[in-house]
Structure formats: C-alpha cells, structure tokens
Amino acid sequence: YKYQFKQHGLEVHPKAILFYREILFSLRKYSNKDNPRILDVACGVGAFLQEAQSLGFDVYGIDISDEAVKQANIKLGNRTKKGDAEKLPYESSQFDFVHFKNPQKAFSEMNRVLNKDGTCFVHVPNLMFVGHIYMALRYGRMPSEGEQEFSEVYRTYHGWKELIEKSNLAIIKSIAYNDIFASRR
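Residues numbered from 1 in each chain as written. Predicted model: local features only at pLDDT ≥ 70, side-chain atom pairs only at ≥ 80, totals over all residues. Heavy atoms only, no water.

> Any details on the overall build of the protein? Residues and values, ideally.
When you go through the protein residue by residue, the secondary structure sums to 7 helices and 5 strands. Helices (α) and strands (β) of the protein occur, in sequence order from the N terminus, as α-α-β-α-β-α-β-β-α-β-α-α. Put simply, of all contacts in the protein between residues at least 6 apart along the chain, 52% involve residues at least 24 apart. Roughly 11100 Å² of accessible area belongs to the protein as shown, and the carbon and sulfur atoms make up 49% of that amount. (Helix = DSSP H or I, 4+ residues; strand = E, 2+ residues; numbered from the N terminus. Contact = heavy atoms within 4.5 Å. Areas by Shrake-Rupley, 256 points an atom, 1.4 Å probe, with all protein chains shown as cover.)

> Please set out the environment of L76 residue by residue, giving values where relevant.
Mapping L76 onto the fold places it in helix α4 (residues 66–76). Look at L76 and you get buried, because its relative accessible area is 5%. Taking the C-alpha atoms as reference, L76 lies 8.0 Å from Q53; in sequence the two are 23 residues apart. Setting aside its immediate chain neighbours within four residues, L76 contacts G46, L49, Q50, Q53 and V59. (Buried < 20%, exposed > 50% of the residue type's maximum accessible area, 1.4 Å probe, protein only.)

> Can you lay out the packing of aromatic side chains for me, pointing to particular residues and giving the numbers?
For any pair of aromatic rings, the description rests on two quantities: the centre-to-centre distance and the angle between the ring planes. Using the criterion set out here, one finds 4 aromatic pairs in the structure. Between Y20 and F48, the ring centres sit 5.3 Å apart and the planes meet at 85 degrees, which makes this aromatic pair edge-to-face. Within this pair, whereas Y20 is found in helix α2 (residues 14–28), its partner F48 is found in helix α3 (residues 47–54), the two being separated by 28 residues in sequence. Taking the relative accessible area as the measure of exposure, F48 reaches 3% and is therefore buried. (Phe/Tyr/Trp six-rings, centres within 6.5 Å; stacked < 30°, edge-to-face > 60°.)

> Residue-level account of the packing of α2 against α3, with values.
Running from amino to carboxyl end, α2 crosses α3 at an angle of 50 degrees, the nearest separation of the two axes being 10 Å. When the interaxial angle is binned, α2 and α3 end up oblique. Handedness of the crossing formed by α2 with α3: right-handed. Taking contact as the criterion, the partners of I17, Y20, R21, I23 and L24 in α2 are, on α3, A47, F48, E51, A52 and S54. Class assignment of the residues belonging to the contact of α2 with α3 gives a composition of 7 nonpolar, 1 polar and 2 charged. (Axes fitted to C-alpha atoms, helices over the stretch in contact; angles between N-to-C directions. Parallel < 35°, antiparallel > 145°, perpendicular 65-115°, else oblique. Left-handed = near helix turned anticlockwise from the far one by under 90°. Nonpolar A, V, L, I, M, F, W, Y, C, P; charged D, E, K, R; others polar.)

> Any chance you could break down the environment of I23 for me, citing the residues and the numbers?
With respect to the helices and strands, I23 occurs in helix α2. Owing to a relative accessible area of 9%, I23 belongs among the buried residues under this scheme. On a C-alpha basis, the gap between I23 and I175 in space is 8.5 Å, while along the polypeptide they are 152 residues apart. Residues within four places of I23 in sequence aside, it is in contact with F48 and F121.

> I'd like to hear about α4, residue by residue, with values.
Because each turn of an α-helix spans 3.6 residues, side chains separated by three or four positions in sequence point in the same direction. For α4, the full list of buried residues reads E67, A68, V69, Q71, A72, N73 and L76. Looking at where α4 begins, the residue whose side-chain oxygen comes 3.3 Å from the main-chain nitrogen of E67 is S65. Count one or two residues on from α4 and you reach G77, which has phi positive near 75 degrees. (Polar contact = N/O pair within 3.5 Å; in protein donor to acceptor, adjacent residues only side chain to side chain.)

> So, α2: which residues are in play, and what are the values?
An ideal rise of 1.5 Å per residue puts 21 Å on 15 residues; α2 measures up with 21 Å between its terminal C-alpha atoms. Among all positions of α2, only A16, F19, Y20, I23, L24, S26 and L27 are buried. Taken around the axis of α2, the buried residues stretch over an arc of 160 degrees, which confines them to a single face. In α2, the exposed residues that point more than 90 degrees away from the buried face are P14 and L18. Contact partners of the buried residues in α2: β1 (37–41), α3, β4 (95–100) and β5 (114–122). (Expected span 1.5 Å × (residues − 1). Arc of directions from axis to C-beta.)

> Break down the environment of E22 for me, with residues and values.
Counting through the fold element by element, E22 comes out in helix α2. With relative accessibility at 40%, the residue E22 sits in the partly exposed group.

If you want it as structure tokens, here you go:
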C-alpha cells in the first residue's frame, strides 16, 4: 500500500463510489435493521466502508496492511483493524453483511462470522471481462493492482459460483460491473 499511496494517492474513482452505493442500496433490501452491521474484509483504506457509514451502516473493516488500516481509521474513527481474511478476529454470528473484494480461501470464515440470516456479498474480478481480455491479448498479462504484494484471482461466473457453494453459501443475485478505469502511472 505504501507504493500505491506514493504512486496513486488515496483518491477513489467516482465510478467506484457509484458502484459501492449501488451495492449498499441493494443490501438494504436484505435487512430490516436501521443500522445493519457490515464487515469489509480486505477493506484497504476504507472507501467502501466510508460510503456504507454515510448510509447508516455500522461499519467494521479488516486488512493485512498496517498502512491501509491506519488510513481507514483516519476516515472511519478506528473502525478497522489489522488481520487475516482466513482467520477473522471476530466472534461467530456478529455481522449482517460481510463484503470481500477478492475471496479465495476465506469464504468459510465469512460464513462463520455471518448472522444466521446474514448476507455475504462478494465483489470479484470477472475473467471474461473485455478489459482483461484486451490486456492479455495486447500485453500478454492480466491487469495488476499496482504491483502490490498480492495478485487478484480471476475466474468466470461459474468458477466463482463453484467456489462459493463449496463454502455452504449460495448466490442470491449477481450484479455485473464492467468498466475500464485504471490508475495513472
């Protein structure tokens, strides 16, 4: 994250904010609580949680980066902590919603910390997105996240569905979000 902050700053693309709001308005349909509790796994600097907080969600975040947690806590008032997605530092059945941008081994942990009637929503990259195909054909590689210490995992819808269902979760709804907007280099 330190590299990313130096190169790209903390700005969030306006289209990302619109996408976050679309997700959050959709989630409201699955909860009758005034302030549903939401956990953002791999929350980064807290942009998604900041939008959720502005819409009345009770927000919590976790990230493996000290720098990201520091930046998120500045925005959110110490609502995030450092931790690993594969061993969430929360008691079972604590959250109405759990969000994770790029899950792989963490689905069963998300299932564990969800309330009995909770909803896990996942924001994942689509392998077949035309922008990714273009990058592969033009440059011989998939897009990266600013040369960070980790890489996103790309799957088709059916690949993600299979992984999700192996963790005893089910897909209720899928929202396609296909837009190309990259950071300046």
